[in-house]
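Structure assessment
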Amino acid sequence: MLVLLGFAMIAVFMVLIMTKKLTPVLALIIVPTVFGLFAGAGLGIGDMAMDSMKSMTSTAALLMFAIIYFGLMIDVGLFDPLVRFILRKLGNDPAKVVLGTAILAAAVSLDGDGSTTFILTTAAMLPIYLRLKMSPVVLTCVAGLANGTMNIVPWGGPTARAASALKIDVNDVFVPMIPSLVAGIAVVMAFAWVLGLQERNRLRATAPEIWAVPETAEGFDGGTHPSGPAGSSGTGRGRKGTSPGGAAPAVDGSAGSSVAVLERTESAVDAQEAQDAQDAGLADTALDPNRSTLRPKLFWFNLGLTVAVMGMLIADLVPLPYVFMVGSAIALLVNFPRVKDQATQIVAHAPSIVAVVSMVMAAAVLTGVLTGTGMVEAMSAWLVQIIPSSMGPLMAVITGVLSIPMTFFMSNDAFYFGVLPVLSETAGHYGISAAEMARASITGQPFHMQSPLVPAILLLVSLAKVDLGDHHKKVLWRSAVVSLVMLGIGMLTGAIGIG
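Residues numbered from 1 in each chain as written. Predicted model: local features only at pLDDT ≥ 70, side-chain atom pairs only at ≥ 80, totals over all residues. Heavy atoms only, no water.

**A few points about the environment of Leu 5**
For clarity, the threshold we go by: Helical segments are the DSSP runs of H or I of at least four residues, strand segments are the runs of E of at least two, and each set is numbered from the N terminus. Residues count as neighbours in contact if any of their non-hydrogen atoms are within 4.5 Å of one another.
Here Leu 5 shows up in helix H1 (residues 2–18). Here Leu 5 is in contact with Phe 35, Phe 38, Ala 39 and Met 375, once residues within four sequence places are set aside.

**Describing the packing of helix H7 (residues 136–150) against helix H10 (residues 178–206)**
Test applied: Every axis in this analysis is a line fitted to C-alpha atoms, fitted for helices over the stretch in contact. Angles between the N-to-C directions lie between 0 and 180 degrees. Between 65 and 115 degrees an angle is taken as roughly perpendicular, under 35 as roughly parallel, over 145 as roughly antiparallel, and anywhere else as oblique. Residues are grouped as follows: Ala, Val, Leu, Ile, Met, Phe, Trp, Tyr, Cys and Pro are nonpolar; Asp, Glu, Lys and Arg are charged; all remaining types, including Gly, are polar.
It is the contact of H7 with H10, at a shortest axis distance of 9 Å, that shows an interaxial angle of 175°. When the axes of H7 and H10 are compared, the pair comes out roughly antiparallel. Residue-level inspection shows Val 138, Cys 141, Val 142, Leu 145, Ala 146, Thr 149 and Met 150 of H7 in contact with H10, the latter providing Leu 181, Gly 184, Ile 185, Val 188, Phe 191, Ala 192, Leu 195 and Glu 199. Classifying every residue of the contact of H7 with H10 by side-chain character gives 12 nonpolar, 2 polar and 1 charged.

**Looking at the packing of aromatic side chains**
Stated precisely, the cut-off is as follows: Any two rings among Phe, Tyr and Trp, with Trp reduced to its six-membered ring, count as a pair given centres within 6.5 Å; such a pair is stacked if its planes are under 30 degrees apart, edge-to-face if over 60, and tilted if neither. Working definition: with a 1.4 Å probe on protein chains only, accessible area under 20% of the residue-type maximum means buried, over 50% means exposed, and in between means partly exposed.
The tally for this structure, following the rule as stated, stands at 4 aromatic pairs. Geometrically, the ring pair formed by Phe 408 and Phe 447 is tilted, given 5.1 Å between the ring centres and 50° between the ring planes. Here the residue Phe 408 occupies a position in helix H17 (residues 395–409), and Phe 447 occupies one in helix H20 (residues 445–448), the gap between them amounting to 39 residues. For the pair Phe 408 and Phe 447, a shared accessibility class is recorded, and that class is buried.

**Section: the nonpolar core**
Applicable threshold: Definition used in this section: a nonpolar core is a set of buried Ala, Val, Leu, Ile, Met, Phe, Trp, Tyr and Cys residues joined via side-chain atoms within 4.5 Å.
Membership of the largest hydrophobic core comes to 136 residues, with the highest contact counts inside it found for Met 125 and Met 437. Top contributing element to this core by residue count: helix H3 (residues 45–76), with 16 residues. The contact partners of Met 437, leaving out residues within four places of it in the chain, are Leu 166, Met 395, Ala 396, Thr 399, Leu 420, Leu 423, Ser 424, Ala 427 and Ile 432.

**A look at the side chain of Ser 424**
With respect to the helices and strands, the residue Ser 424 is situated in helix H18 (residues 412–428). Given a relative accessible area of 10%, Ser 424 falls into the buried group. Beyond its immediate sequence surroundings of up to four residues, Ser 424 is in contact with Leu 166, Ala 434 and Met 437.

**Here we look at the pattern of salt bridges**
For clarity, the threshold we go by: In the sections that follow, a salt bridge refers to a side-chain nitrogen of Lys or Arg positioned within 4 Å of a carboxyl oxygen of Asp or Glu.
Under the counting rule described, the total for this entry stands at 2 salt bridges. Across the pair Arg 200 and Asp 93 runs a salt bridge, and its minimum N-O distance is 2.7 Å. Note that Arg 200 is positioned in helix H10 and Asp 93 in the loop between helix H4 (80–90) and helix H5 (94–108), a separation of 107 residues in sequence. The exposure class of Arg 200 is buried, given its relative accessible area of 17%. The class of Asp 93 is buried, set by a relative accessible area of 13%.

**Concerning unusual backbone geometry**
Despite not being glycine, Lys 133 shows a phi value in the positive range, around 60°. Here Lys 133 shows up in the loop between helix H6 (114–131) and H7. By relative accessible area, which is 47% here, Lys 133 ends up partly exposed. Positive phi is not limited to glycine here, since Lys 465 has a value of about 55°. The residue Lys 465 is located in the loop between helix H21 (455–463) and helix H22 (468–493) in this model.

**Thoughts on a nonpolar patch on the surface**
As a reminder, the rule being used: Here the term patch refers to residues with relative accessible area over 30% and no salt bridge, with like charges joined within 9 Å and nonpolar side chains (Val, Leu, Ile, Met, Phe, Trp, Tyr) within 5 Å. Accessible surface area values rest on a Shrake-Rupley calculation with a 1.4 Å probe, where residue burial reflects the displayed protein chains alone.
Residues Phe 301, Tyr 322, Met 325, Val 326, Ile 330, Leu 333 and Val 334 make up a contiguous nonpolar surface patch of about 580 Å² in total accessible area. When residues in the nonpolar patch are grouped by element, the largest group, 6 residues, is from helix H13 (residues 320–335). Tracing the sequence through the fold places Tyr 322 in helix H13.

**Details of the environment of Ile 185**
Tracing the sequence through the fold places Ile 185 in helix H10. Overall, Ile 185 belongs to the buried group, its relative accessible area being 18%. Considered as a pair, Ile 185 and Met 150 are 35 residues apart in the sequence and their alpha carbons are 7.8 Å apart. Once residues lying within four places of it in the same chain are set aside, the contact partners of Ile 185 are Ala 106, Ala 146, Thr 149 and Met 150.

**As for H6**
This is how the line gets drawn: Helix span, expected: 1.5 Å multiplied by one less than the number of residues in the helix. Bend angle per residue: angle between axes fitted to the 7 residues ending at that residue and the 7 residues starting there.
In this model, H6 (18 residues) spans 25 Å end to end at C-alpha, consistent with the 26 Å of a helix rising 1.5 Å per residue. By the largest-angle criterion, Met 125 marks the main kink of H6, which is about 35°, and a proline, Pro 127, follows within four residues. Taken across its 18 residues, H6 has 17 buried, putting it largely inside the fold. Lys 133 sits one or two positions beyond H6 and adopts a positive phi of about 60°.

**What to know about the side chain of Gln 445**
Selection criterion: Two N or O atoms form a polar contact when they lie within 3.5 Å of each other; inside protein one atom must be a possible hydrogen donor and the other a possible acceptor, and for residues adjacent in sequence the pair counts only when both atoms belong to side chains.
Examined against the element boundaries, Gln 445 turns out to sit in helix H20. At 2.9 Å, the side chain of Gln 445 forms a polar contact with the side chain of Asn 151. With sequence-adjacent residues up to four places away left out, Gln 445 is seen in contact with Gly 148, Asn 151, Ile 152, Pro 158, Thr 407, Asn 412, Tyr 416 and Ser 483.

**Regarding the packing of H10 against H22**
Under the convention used in this document: Whether a crossing is left-handed or right-handed is set by the direction in which the near helix is turned from the far one by less than a right angle, anticlockwise for left-handed and clockwise for right-handed.
Contact geometry of H10 with H22 gives a least axis separation of 8 Å together with a crossing angle of 150°. By the angle between their directions, the pair H10 and H22 is classed as roughly antiparallel. Note on packing geometry: the crossing formed by H10 with H22 is right-handed. In this structure, H10 uses Pro 179, Ser 180, Leu 181, Ala 183, Gly 184, Val 187, Val 188, Phe 191, Leu 195 and Gln 198 to contact H22, whose residues at the interface are Lys 474, Trp 477, Arg 478, Val 481, Val 482, Val 485, Met 486, Ile 489, Gly 490 and Thr 493. Across the contact of H10 with H22, the residue classes break down as 13 nonpolar, 5 polar and 2 charged.

And the structure:
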């Protein structure tokens, strides 16, 4: 009965949010409450939710102050140079923008923290998506895929959990899985490119005006902007003193010098026009170049503070929520000395904070009911029991496949410390090592990271103002493909063996 109720609860929850019958917050509260009562929780369901919520308070604090800190850094202009650099390199080609999103998210994911990755990626890329009228769901899909794939790095959490649960060295788990990680990232990049091409085709049909933008200075040297051929200006101005092929007629030294000066002047004017167009595209966004919160004189201080905060995240010397609390306090004090301005900045980010923290607290109801009623234990025990003994030699492969849905339905802690040891004990009878089982168990992470039980993904969809159901429609099957590819490469390289 508990097994049926557990799977039914998850299924109903997914259907309700994907069909948009309920918002995720309401579904996370109402669905587990109803099923918990059917499971016999009675009045104890409140204690289950509260006990789970206590374990979520540090996560809620982390997300709250991380939003304040990085939101503040966006307001004061720390990320403006990065966005301008990305705009220069990617131009207005949606395919390149989406691919750039995947590369950025994968690179930032090296710090092992999904929340930081999504905050930085959204800060840098969302204004570009909005300016080009691209779908933010594509951004969340690509960022979620990249981060989920990179989540198997030793300091990311799942790999360390698997190693700890089976009492083996973390390097024995991760190093043989590097080929799988590379293959997974390659698939993510392929998905990003295809999604980018789809966005390009859609925008050519629905928003052709984004292709008629002023050329950058590079465009006059054979750039790819579609607004005009290389060597001609977007405004139709001709090149004085140049031949049709673009070469200056060398009448004499003085004439050649004048032409060179004229060309440099025109290039500077064109570059300024391109910059002005770029600034106009960012107007009324979080990266508006004329916003009153900019603090250009404090750029190096803010950069140094951010590097220090990220360093503390990696070093893990003090709890992460406290790092962001102190970082936010210092940033507010230095950038906005007036008390009124400090209060204004905090209130400015209140909508994002409420959206994320409310979902984290609501997710505690779901996890509390799953654990408190015994549904998680019953579901994992049932899965172990239904595996026939004849499939014992395939336990590593089965574990890899099971890790895809199971880490989506339950926390990493529940899977790695509750289910994996049981599966590994069974696999040992067929000559499958604990290290192979641990490696197989982490291949489901690209899918796991899309779970509504993961606070970071709630943060991502909230910052991008994307519905969780829309995100799931686009990302779930792709993340399942990435997980299966990683599992397959692990089998081919021998990292995941057959007994």
